[in-house]
Amino acid sequence: MLLPAPPRTLLLNASLEPLCVVALPRAVTLVMSGKATVLESDGRVLHSEHVVVPLPVVLSLTRYVHVPMRRPLPPTRRTVLQRDDHRCAYCGSHADTVDHVHPRSRGGRHEWGNVVAACRRCNHRKADHLLHEIGWELRWTPSAPRGATAFLHGAAVDEPAWSPYLAA
Ligand SMILES: [Zn+2]
């Protein structure tokens, strides 16, 4: 039986810390093999020949897995826009570019504290200026993302059933 399925499932460690996002076939395999339990389902079930599995939206591993420290998430166009929720740091409108607050041409570094989402208009107008030269201010102070959002490496965190498990 084919159902419109959630494309991905949030996988938690046995300690309930978010681990990663897995595709549905992998999620079902984990459940069938007893390696994970379904914490949240969207109410639908998958029928196979022998078993019925609630369609997993959130899973937790039955046994704790030690996860080594991961390298910090680098700032890229995608991760910066996601951190800033696609809002321009200068005017607040929809942003689809990334701006270096202290321009690279003037020694600014490519690091979380110096990159913000910016709309095309502001990015173009700001060009190679420093903020004080044109009297602009940032609407927030950029910093590296923390917690589960960073941990999931920019996976779209748009599944409402996931949010209780992703509170950083
Ligand atoms: Zn703008």
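An unreviewed UniProt entry annotates the protein chain as HNH endonuclease of Cellulomonas pakistanensis.

So, about the environment of R139. Note that R139 resides in the loop between α4 (131–134) and α5 (147–151). Taking the number of C-beta atoms within 10 Å as the measure of exposure, R139 has 13 and is therefore partly exposed.

The next subject is the pairing of strand β6 (residues 115–118). Of the two faces of β6, the one holding V115 and A117 and the one holding V116 and A118 are both buried throughout. Sheet topology places strand β5 (residues 97–100) next to β6; 4 bridges connect them, and they run antiparallel. Pairing of T97 across the sheet is with A118, part of β6.

Before going further, it helps to examine the sheet that holds strand β4 (residues 52–61). The strand order across the open sheet formed by 4 strands is β2-β1-β4-β3, and the pairing between neighbours is mixed. The open sheet is flanked by β2 (18–23) and β3 (36–47), the only strands paired with a single partner. Taken over all neighbouring pairs, the strand axes of this sheet differ in orientation by 35 degrees on average, direction set aside. Bridge count between β3 and β4: 8 bridges; the pairing is antiparallel. Looking across to β4, one finds that T37 is bridged to S60. Against the sheet, helix α1 (residues 24–32) touches β1 (8–12), β2, β3 and β4, its axis set at about 90 degrees to β4.

Thresholds applied
Residues numbered from 1 in each chain as written. Predicted model: local features only at pLDDT ≥ 70, side-chain atom pairs only at ≥ 80, totals over all residues. Helix = DSSP H or I, 4+ residues; strand = E, 2+ residues; numbered from the N terminus. Buried ≥ 20, exposed ≤ 12 C-beta atoms within 10 Å, placed from the backbone. Pairing = 2+ DSSP bridges. Axes fitted to C-alpha atoms, helices over the stretch in contact; angles between N-to-C directions. Contact = placed C-beta atoms within 7 Å.

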